Amino acid sequence: MFLIRFILRVISTVFHLIFSLMKLVVWTISLALLLLFVGQWVTGGQLPVASYLTELPQRFLSNPTQIPTDLTNSNSDERHRWDQNQALVYISTEDSTMVSAYRDAMRQWNQTGVFQFIETDDASLAQIEADVYSDSQVSAAGETESQTNVLTNRLNKAKVGLNAHYLSNPYYGYSYERVVNTAAHELGHAIGLDHTDEESVMQPAGSFYSIQARDIEVVRQLYQD
Ligand SMILES: [Zn+2]
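Residues numbered from 1 in each chain as written. Predicted model: local features only at pLDDT ≥ 70, side-chain atom pairs only at ≥ 80, totals over all residues. Heavy atoms only, no water.

Caption draft 1: Molecular detail of the pattern of salt bridges. Evaluated as defined, the whole model comprises nine salt bridges. In this structure, Asp131 and Lys159 form a salt bridge, with 3.7 Å as the shortest nitrogen-oxygen distance. In this pair, Asp131 is assigned in strand E3 (residues 128–133) and Lys159 in strand E5 (residues 154–163), connecting sequence segments 28 residues apart. The class for Asp131 is buried, based on a relative accessible area of 18%. (Salt bridge = Lys/Arg side-chain N within 4 Å of Asp/Glu carboxyl O. Helix = DSSP H or I, 4+ residues; strand = E, 2+ residues; numbered from the N terminus. Buried < 20%, exposed > 50% of the residue type's maximum accessible area, 1.4 Å probe, protein only.)

So, in structure tokens, the structure goes:
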């Protein structure tokens, strides 16, 4: 009789313990959610924990260090270029960081002396349109489309784009400098440059290079005559 009572007592104690632990867990989670909610409300959704949570799926989908600059296919031997070593650029995005990045990239090219980008606020005059888009379906930080006159082999229109899905997302860790490098890379395509594996702004693997001496020489040769 005593033994049964003792066993019942032990079982009862264990249940109480489990129940107390569950209560503690529920309270902890509730408190954490409440703090998160209040934190988000106070900071206007700027708590890093929230962006971590929303970006969680991406962490399993892709490695941030492996986003190529773009997927431009440049196998052709055709040397296409603008008629002159200058082009009018219309920046069609309102994103202030991207506008600055395009302007800095143009300034860097202009400082080389081999090509001049001139910004215009008249879209109808522009030879190159500089835009921003957001595309998670393509694993590239930018893109360039260009039209070439097949008879003269001269460029007559180009559109460059920066992919905000990667470049503006803290998770992918793009510094402003790398965004500028990406813009300089796309502008490089827009004036007729192809990819290279050398140390170059035209290296496609991740925007780690700005305009290099090699790039200046390639543009100089392309536009000499
Ligand atoms: Zn490229």
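Caption draft 2: Spatial organisation of the environment of Gln127. When you line up the elements, Gln127 lands in the loop between strand E2 (116–119) and E3. Taking the C-alpha atoms as reference points, Gln127 and Gln86, separated by 41 residues in sequence, lie 9.7 Å from one another. The residues contacting Gln127, other than those within four sequence positions of it, are Trp82, Gln86, Ala87, Leu88, Lys157 and Ala158. A distance of 2.7 Å separates a polar atom in the side chain of Gln127 from the backbone nitrogen of Leu88. (Contact = heavy atoms within 4.5 Å. Polar contact = N/O pair within 3.5 Å; in protein donor to acceptor, adjacent residues only side chain to side chain.)

Caption draft 3: Region of interest: helix H5 (residues 176–190). Its 15 residues place the ends of H5 21 Å apart at the C-alpha level, agreeing with the 21 Å of an ideal helix rising 1.5 Å per residue. Burial analysis of H5 places 13 of its 15 residues in the buried class, which makes it a mostly covered element. Following H5 by one or two positions, Gly192 adopts a phi angle in the positive range, close to 110°. (Expected span 1.5 Å × (residues − 1).)

Caption draft 4: Representation of the coordination of the zinc ion within the structure. For the zinc ion, the full set of protein donor atoms is Asp70 (OD), Asp70 (OD), His185 (NE2), His189 (NE2) and His195 (NE2), and the range of their distances to it is 2.0 to 2.3 Å. One chain supplies every donor to the zinc ion, and in sequence these donors are spaced D-x114-H-x3-H-x5-H. Take His195: its relative accessible area is 23%, and that puts it in the partly exposed class. (Donors = N, O, S within 2.8 Å, 3.2 Å for Na, K, Ca; no water.)

Caption draft 5: View of the sheet that holds E5. Taken in spatial order, the five strands make up an open sheet running E2-E1-E3-E5-E4, and their pairing is mixed. Sheet topology places E2 and strand E4 (142–149) at the edges, where each strand pairs with a single neighbour. Strand-to-strand, the axes of this sheet are offset by a mean angle of 25°, without reference to chain direction. Bridge count for E4 against E5 is eight bridges, and the pairing is antiparallel. Following the sheet pairing, Thr144 is matched in E5 by Val160. Across the face of the sheet, helix H3 (residues 96–112) comes into contact with strand E1 (86–91), E2, E3 and E5 while running at roughly 145° to E2. With respect to the sheet, H5 is in contact with E2, E3, E4 and E5, its orientation differing from that of E5 by roughly 160°. (Pairing = 2+ DSSP bridges. Axes fitted to C-alpha atoms, helices over the stretch in contact; angles between N-to-C directions.)

Read these as geometric descriptors, not functional statements.
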